[in-house]
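Next come the chains, spelled out residue by residue.
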Amino acid sequence: MLTLILGGARSGKSALAERLAIDSGREVAYVATAQALDGEMASRIAHHRERRPTEWLCVEEPLALADTLRRHARESRFVLVDCLTLWLSNLLGLAEGSRFAAEREAFLDTVSMLPGDIVFVSNEVGLGITPLGELTRRFVDEAGRLHQTLAQRCDRVVFVAAGLPLILKGTLP
Amino acid sequence: MLTLILGGARSGKSALAERLAIDSGREVAYVATAQALDGEMASRIAHHRERRPTEWLCVEEPLALADTLRRHARESRFVLVDCLTLWLSNLLGLAEGSRFAAEREAFLDTVSMLPGDIVFVSNEVGLGITPLGELTRRFVDEAGRLHQTLAQRCDRVVFVAAGLPLILKGTLP
Amino acid sequence: MLTLILGGARSGKSALAERLAIDSGREVAYVATAQALDGEMASRIAHHRERRPTEWLCVEEPLALADTLRRHARESRFVLVDCLTLWLSNLLGLAEGSRFAAEREAFLDTVSMLPGDIVFVSNEVGLGITPLGELTRRFVDEAGRLHQTLAQRCDRVVFVAAGLPLILKGTLP
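Calculation notes
Residues numbered from 1 in each chain as written. Chains lettered and ligands numbered in written order. Predicted model: local features only at pLDDT ≥ 70, side-chain atom pairs only at ≥ 80, totals over all residues. Heavy atoms only, no water. UniProt positions renumbered as here; feature names shortened; annotations may be inferred. Least-squares fit on C-alpha atoms with pLDDT ≥ 70 in both. Phe/Tyr/Trp six-rings, centres within 6.5 Å; stacked < 30°, edge-to-face > 60°. Helix = DSSP H or I, 4+ residues; strand = E, 2+ residues; numbered from the N terminus. Buried < 20%, exposed > 50% of the residue type's maximum accessible area, 1.4 Å probe, protein only. Lys NZ or Arg CZ within 6 Å of the ring centre and 35° of its normal. 1 Å grid on protein atoms, 1.4 Å probe; cavity = no way out; pocket = protein on both sides within 12 Å on 5 of 7 lines; lining within 4 Å. Points joined across faces, edges and corners; volume = space filled by probe spheres on them. Nonpolar A, V, L, I, M, F, W, Y, C, P; charged D, E, K, R; others polar. Expected span 1.5 Å × (residues − 1). Contact = heavy atoms within 4.5 Å. Buried area = accessible area lost by both parts, 1.4 Å probe. Salt bridge = Lys/Arg side-chain N within 4 Å of Asp/Glu carboxyl O. Polar contact = N/O pair within 3.5 Å; in protein donor to acceptor, adjacent residues only side chain to side chain. Pairing = 2+ DSSP bridges. Axes fitted to C-alpha atoms, helices over the stretch in contact; angles between N-to-C directions.

An unreviewed UniProt entry lists chain A under the name Bifunctional adenosylcobalamin biosynthesis protein, from Luteibacter yeojuensis. The UniProt entry for chain A carries this comment under Function (unreviewed entry): "Catalyzes ATP-dependent phosphorylation of adenosylcobinamide and addition of GMP to adenosylcobinamide phosphate." Check the Sequence similarities (unreviewed entry) section of the UniProt entry for chain A; it says "Belongs to the CobU/CobP family."

Structural data, given as structure tokens:
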């Protein structure tokens, strides 16, 4: 079963995903896409890490998401990917522009064929005024397109605000 | 029947409006408010145009929306306006400040009296931090006010995220 | 009963809160957190003030919210706080950093123990690209965290778009 959890900054989307993982009663693999490139990011990553049960398998992968999912998804597992927007941002920041399209396509091709339960966390970033800059607009466009395409492949899509879920597709347990 | 479709950038709001137009089985008039002032905008317009059925009547009108709707709305037609935020932005960019208020009033006065089905697509832009600049804040304020007033006149209001609809008012077929 | 009303700029969240206040049939105390530091803000405050019934008790308090609520909440009263995001912004702007944590904690400790009906209005600001600046990111983070924590303590949480409510928790009359 595939689930997409969308929400704003500090909306409680990761906490909802983590609750679904714990409630599943399954072995959990946590895929972190964040890169600790500066102190602020390092402290955000540490904050997320403290919250996670120590028995979870943690995998850090900023770029090769399709490959990481193929290696770690199992029928008996719950895989939590947090988050797609950082993964997109990492890919769009690469000098090698073609890698973005290749990784995106590999991800969307792979995702429907994976075994087990997978939850994707992603930031909704398109509901404000987009600040100037071509890369920023590109990021907002690519995030929106990815969410639309992934939502079609997901069994469940949830929008989170103030820690509370609004169901866009499927049902929550 | 009047419908307002709100959503973020690349949320799938135009695609939902286009699906409603096609599913209506009626003759469709498409009112585009975009102006191709630069290469990026021209490419966005071209991207939208490629997706539209060739038999649709396409009208480009960046400013005089009330007048355009009066000329093209018919009992037998489905009119799709994409999008109101660009129309607002075009009006707010005019040197002649009074034109904005006049066009806005004409639009809101006209809209409830038009025959046939009309769908308005508009961007929700007020859910992030608004970047500095008086014109930007004005734009966000005017867009929010327009959405509130228009929503009262509409039979159906839908918020779209990740290509999926959340009904705010009325029902979807 | 505690209610949190979230929404974007000019989404109609204050108008919904004011309608709930009027429909309650109770004596209303209105707590304004805005400070008229410039002409634009003064005109926004005046716009809100014109809309409010003259018999409402109006209290202006930019910082000491917990204390203000303790003094003004009564079993027979409806208290409307507009808005939490300006209160947060006022606190984060103080040179004395510790005041923010103290006021925030006092507010969250107090809120569940207050008598009567209280409605909090707050801006959702985390659904767009956050412009550069550490203080801006801090503000977005703190607003999101406050909304999550407060939403747990509230009986009713509503998201407003285009003047129309989406219920996140509880029910609307």
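Right, let's talk about the relation of the copies chain A and chain C for a bit. You can overlay chain A on chain C at an RMSD of 0.0 Å; the transform is a turn of 120° with a shift of 0.0 Å along its axis. Taken together, the rotation and translation describe the operation of a three-fold axis. By C-alpha distance to the rotation axis, the residue of chain A lying nearest is A:Gly128, at 2.4 Å.

This part covers the packing of aromatic side chains. Summed over all chains, the structure comprises nine aromatic pairs over all chains. The interplanar angle of 90° and the centroid separation of 5.4 Å between the aromatic rings of B:Phe107 and B:Phe120 together place this pair among those described as edge-to-face. Linking B:Phe107 in helix 5 (residues 97-111) with B:Phe120 in strand 5 (residues 117-123), this pair joins segments that are 13 residues apart in sequence. Take B:Phe107 and B:Phe120: they sit in the same class, and that class is buried. An aromatic cluster is built from A:Trp87, A:Phe107 and A:Phe120, whose rings are joined through pairwise contacts. The ring centre of A:Tyr30 lies 3.7 Å from the NZ or CZ of A:Arg52, which sits over that ring.

What follows covers empty space enclosed by the protein. In total, this model carries two cavities of 30 Å³ or more according to the counting rule given. Along the walls of the largest cavity sit A:Ala9, A:Arg10, A:Ser11, A:Ala162, C:Glu124, C:Val125, C:Gly126, C:Val140, C:Ala143, C:Gly144 and C:His147, which together make up its complete lining. Residues of the lining of the largest cavity, tallied by class, amount to five nonpolar, four polar and two charged. By volume, the second largest cavity is sized at about 30 Å³. Tallied by class, the residues present in the lining of the second largest cavity amount to two nonpolar, three polar and two charged.

Turning to helix 6 (residues 134-153) of chain C, a few remarks are in order. Taking 1.5 Å per residue as the helical rise, helix 6 of chain C with its 20 residues ought to reach 28 Å, and the 29 Å between its terminal C-alpha atoms agrees with that figure. Every buried residue of helix 6 of chain C is listed here: C:Phe139, C:Val140, C:Asp141, C:Glu142, C:Ala143, C:Gly144, C:Leu146, C:His147, C:Leu150 and C:Ala151.

What follows concerns the interface of chain A and chain C. Reports of interface size often rely on the accessible area that becomes lost once the parts have come together. Each partner contributes to the interface: chain A provides 24 residues, whereas chain C provides 20 residues. Taking both sides of the interface into account, the surface hidden between chain A and chain C amounts to around 1800 Å²; carbon and sulfur atoms contribute 65%. Per-residue buried area on chain A facing chain C is highest for A:Arg10, A:Ala162 and A:Leu164; these three make up 33% of the total on that side. If you look at where chain A meets chain C, you find one salt bridge. Across the pair A:Arg10 and C:Asp141 runs a salt bridge whose closest N-O atoms are separated by 3.5 Å. Linking chain A with chain C are six residue pairs in polar contact (both at pLDDT 80 or more), by the criterion used here. Secondary structure elements with two or more residues in the side of chain A that touches chain C: helix 2 (39-51), helix 6 (134-153), strand 6 (156-161) and strand 7 (164-169) of chain A. Taken together, the residues that form the side of chain A that touches chain C break down as 12 nonpolar, eight polar and four charged.

Residues and elements named next belong to chain A. Under the criterion given, the structure shown has 21 salt bridges over all chains. Of the charged contacts, one joins Glu-27 and Arg-77 as a salt bridge, the two residues approaching to 2.6 Å between their closest N and O atoms. Of this pair, Glu-27 sits in strand 2 (residues 27-32) while Arg-77 sits in strand 4 (residues 77-82), and the two are 50 residues apart along the sequence. Overall, Glu-27 belongs to the partly exposed group, its relative accessible area being 44%.

All names here are of chain A. Mapped onto this numbering, the UniProt entry gives "active site" (unreviewed entry) at His-48. Assignment of secondary structure puts His-48 in helix 2. If we ignore the near neighbours within four places in the chain, the residues touching His-48 are Ser-14, Glu-18, Tyr-30 and Asp-82.

Before going further, it helps to spend a moment on unusual backbone geometry. A cis amide bond, omega 0°, links A:Asp82 with the succeeding residue A:Cys83. Located in the positive-phi region is B:Ala162, a residue other than glycine, with phi close to 50°. In this structure, B:Ala162 sits in the loop between strand 6 (156-161) and strand 7 (164-169). At C:Arg10, a position not held by glycine, the phi torsion is positive, near 50°. By secondary structure assignment, the location of C:Arg10 is in the loop between strand 1 (2-7) and helix 1 (13-23). Since its relative accessible area comes to 17%, C:Arg10 is described here as buried.

On to the sheet that holds strand 6 of chain B. Residues and elements named next belong to chain B. A sheet is described by the order of its strands in space; here seven strands give the open sequence 3-2-4-5-1-6-7, paired in mixed fashion. The outermost strands of the open sheet, each flanked by one partner alone, are strand 3 (57-60) and strand 7. On average, each strand axis in the sheet is inclined to that of its neighbour by 20°, with strand direction left out of account. Bridge analysis of strand 4 (residues 77-82) against strand 5 gives five bridges, and the strand direction is parallel. Within the sheet, the bridge partner assigned to Leu-80 lies in strand 5 and is Val-119. With respect to the sheet, helix 3 (residues 65-72) is in contact with strand 2 (27-32), strand 3, strand 4 and strand 5, its orientation differing from that of strand 4 by roughly 160°. The sheet contacts of helix 4 (residues 84-92) involve strand 1 (2-7), strand 4 and strand 5, and relative to strand 5 the element is tilted by about 65°.

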